[in-house]
Protein chains: 2
Amino acid sequence: MDQESQQVKQPRGARRRARTRANLLVAARKVFAIRGYHDATITEITETAAVGVGTFYLHFRDKEAIFNTVLTEGLEAMRQQVGEEIAHEDNPSLPVVVRAIFHQVYAQRDILRIERTGEGVAARSGGPGMLVEMFLRFLEQVVDLSPFSEEEIPLLAALLEGLMDRAFHCWWDEQDEPSPDLMADRVLHVMKHGFPDSLFEEPQKPFFAPSTL
Amino acid sequence: MDQESQQVKQPRGARRRARTRANLLVAARKVFAIRGYHDATITEITETAAVGVGTFYLHFRDKEAIFNTVLTEGLEAMRQQVGEEIAHEDNPSLPVVVRAIFHQVYAQRDILRIERTGEGVAARSGGPGMLVEMFLRFLEQVVDLSPFSEEEIPLLAALLEGLMDRAFHCWWDEQDEPSPDLMADRVLHVMKHGFPDSLFEEPQKPFFAPSTL
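Residues numbered from 1 in each chain as written. Chains lettered and ligands numbered in written order. Predicted model: local features only at pLDDT ≥ 70, side-chain atom pairs only at ≥ 80, totals over all residues. Heavy atoms only, no water.

In the annotation of an unreviewed UniProt entry, chain A is listed under the name HTH tetR-type domain-containing protein and assigned to Ktedonospora formicarum.

**Student:** Mind showing me how you'd approach the pattern of salt bridges here?
**Tutor:** Pairs may arise between side chains of opposite charge once their charged atoms sit close together. For the structure on display, the rule yields 28 salt bridges over all chains. Between B:Arg21 and B:Glu73 there is a salt bridge; the shortest N-O distance is 3.1 Å. Remark: B:Glu73 occurs in helix H4 (residues 63–85) and B:Arg21 occurs in helix H1 (residues 3–39); sequence separation between them is 52 residues. Under the relative-accessibility criterion, B:Arg21 is labelled partly exposed at 30%. According to the relative accessible area criterion, B:Glu73 is partly exposed, its value standing at 38%. Through salt bridges that share partners, A:Glu161, A:Asp165, A:Arg166, B:Glu161, B:Asp165 and B:Arg166 make up one connected network. (Salt bridge = Lys/Arg side-chain N within 4 Å of Asp/Glu carboxyl O. Helix = DSSP H or I, 4+ residues; strand = E, 2+ residues; numbered from the N terminus. Buried < 20%, exposed > 50% of the residue type's maximum accessible area, 1.4 Å probe, protein only.)

**Student:** Even after reading the chapter, I still don't get the interface of chain B and chain A, so can you show me in this structure?
**Tutor:** Buried accessible area, meaning the area lost when the parts come together, often serves as the stated size of an interface. The partner chain A presents 71 residues to the 70 residues of chain B that form the contact. At the junction of chain B and chain A, the tally comes to 6 salt bridges. Note that A:Glu161 and B:Arg166 form a salt bridge whose closest N and O atoms lie 2.7 Å from each other. At the junction of chain B and chain A, the tally comes to 10 residue pairs in polar contact (both at pLDDT 80 or more). Listed by contribution, the elements that provide at least two residues to the side of chain B that touches chain A are H4, helix H5 (94–107), helix H7 (127–140), helix H8 (153–170) and helix H9 (180–193) of chain B. The element contributing the most residues to the side of chain B that touches chain A is H8(B), with 13 residues. Considering only residue class, the side of chain B that touches chain A consists of 39 nonpolar, 13 polar and 18 charged. (Contact = heavy atoms within 4.5 Å. Polar contact = N/O pair within 3.5 Å; in protein donor to acceptor, adjacent residues only side chain to side chain. Nonpolar A, V, L, I, M, F, W, Y, C, P; charged D, E, K, R; others polar.)

**Student:** Mind showing me how you'd approach the side chain of A:Gln108 here?
**Tutor:** With respect to the helices and strands, A:Gln108 occurs in the loop between helix H5 (94–107) and helix H6 (109–117). Residue class for A:Gln108 comes out buried when judged on its relative accessible area of 11%.

**Student:** Is there a simple way to think about the side chain of B:Arg186 in this case?
**Tutor:** Inspection of the secondary structure puts B:Arg186 in helix H9. On the accessibility criterion, B:Arg186 (14% relative accessible area) is buried. For B:Arg186, the residues in contact, after removing those within four places along its chain, are A:Pro147, A:Phe148, A:Glu152 and A:Leu155.

**Student:** Even after reading the chapter, I still don't get the environment of B:Phe200, so can you show me in this structure?
**Tutor:** Its location among the elements puts B:Phe200 in the segment after H9. With residues near it in sequence (within four places) discarded, B:Phe200 still touches A:Leu94, A:Pro95, A:Leu188, A:Met191, A:Lys192 and B:Phe195.

**Student:** Honestly, unusual backbone geometry in this entry has me stumped. Any pointers?
**Tutor:** In terms of backbone geometry, most residues other than glycine have negative phi values and most peptide bonds are trans. A:Pro178 follows A:Glu177 through a cis peptide bond whose omega is -10°. Considering the arrangement of structural elements, one finds A:Pro178 in the loop between helix H8 (153–170) and helix H9 (180–193). For B:Ala50, which is not a glycine, the phi torsion comes out positive at approximately 55°. Among the structural elements, B:Ala50 can be located in the loop between helix H2 (42–49) and helix H3 (53–59). Overall, the relative accessible area of 68% leaves B:Ala50 in the exposed class.

**Student:** Would you mind showing me how to read the relation of the copies chain B and chain A here?
**Tutor:** Here two copies of a chain appear, and what relates them is a rotation about an axis with a shift along it. Between chain B and chain A, which share one sequence, the superposing operator has a rotation angle of 180° and an axial displacement of 0.0 Å; the RMSD is 0.1 Å. The transformation relating the two chain copies, once decomposed into turn and shift, fits a two-fold axis. A shared interface surface links the copies, since 100% of the contact residues of chain B are contact residues in chain A too. (Least-squares fit on C-alpha atoms with pLDDT ≥ 70 in both.)

**Student:** Please explain H9(A) as it appears in this structure.
**Tutor:** Spacing of three or four residues puts side chains on the same side of an α-helix, whose turn is 3.6 residues. Residue and element names in this part refer to chain A. With 14 residues, H9 should cover 20 Å at 1.5 Å per step; its first-to-last C-alpha distance of 20 Å lies within 8% of that length. Pro180, Met183, Ala184, Arg186, Val187, Leu188, Val190 and Met191 are the residues of H9 that are buried. Within two residues after H9, glycine 194 carries a phi angle of roughly 80°, on the positive side. (Expected span 1.5 Å × (residues − 1).)

**Student:** What should I look at first to understand the packing of H8(A) against H8(B) in this one?
**Tutor:** For the pair H8(A) and H8(B), the least separation of the axes is 8 Å and the interaxial angle reads 140°. Seen along the crossing, H8(A) lies across H8(B) with a hand that is right-handed. Contacts between H8(A) and H8(B) involve A:Pro154, A:Leu155, A:Ala158, A:Leu159, A:Glu161, A:Gly162, A:Leu163, A:Asp165, A:Arg166, A:Ala167 and A:Cys170 from the former and B:Pro154, B:Leu155, B:Ala158, B:Leu159, B:Glu161, B:Gly162, B:Leu163, B:Asp165, B:Arg166, B:Ala167 and B:Cys170 from the latter. Among the residues forming the contact of H8(A) with H8(B), the class breakdown is 14 nonpolar, 2 polar and 6 charged. (Axes fitted to C-alpha atoms, helices over the stretch in contact; angles between N-to-C directions. Left-handed = near helix turned anticlockwise from the far one by under 90°.)

In structure tokens, the structure reads:
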């Protein structure tokens, strides 16, 4: 084989490999979404991708490896889409970014569901870390933190991330409602104003029996 | 052996067995706290409890089993202590219960640290479920939920639980500060009033480059 034909062939081979890998990932995402991590099989993934089982092992070590790649690349895609959604804003405020995050997490909510089926298998995703990082950056620019101190910024970032995490998983793990805009409204309301005042008042009647806690 | 001596013997044997099991759990909690789940060995646990390795297997199937028992019983102890702390109140308000929870989680913060070392191994603890349950009961008694609707009570309960969870893990996984009372103050402030107002204003300068999200 002369050098020229090698130059032509190698990129073509690389392109084909990349296409096969991408097909396997799309197929795996479908199969994991339907079967969950534990019931999914490599055979079903390769059949869905229309490749042989041997081809699978050219790209991924095992089911756990492709599972974690599906999650990591799904998360990376969400991150990019959020960036694109807010790209036209010179200076996005926290509510603008929070809304964009809810839109994009909702658009890829199959990833939330897939992740849940593989608890204990899923590698620690970059998800929470990325959100905490973002909240830290916003909090560090805040001029008036009162009644909190600067030392409490990491706590505030963790609390904000906890709210987002619970919002993602409260409904969308199982159903498509509410819409991401409604969810963003609710969560932003809690972030800005807290929970309903009456929750903190003395209970009117003894509804809460301490012994049953 | 006549029936009478059997009746005397059985309870004594049962008491001894229960004592050995309790000693193994105390020893395991110490060893897991020092070594973490993965580096802890059954030998070190039995040596700490001053029993033979064979005795271990009379009580627990394997390391994972005793690990999960340490967590479950630790959590149950927390739950009971919270109940005792608020037992003198006829009608505890949410802030009173939240404070008691922070006190007792702090007192047993080794359990938080142990749980963290065994991520993926730790059986889904009853922890979050218990807190969500409690918040649901408070929310269901609230007379004025505005601007939220009754259908959103499960979301609000999940968000409240998310705040508690992040507060437990933000500092106490690694350090003993801040005190549980200070932590309860901070979290209750966020629950009641939300995060600092300036966080939601238009940023003053373009500190947030969307491309780096």
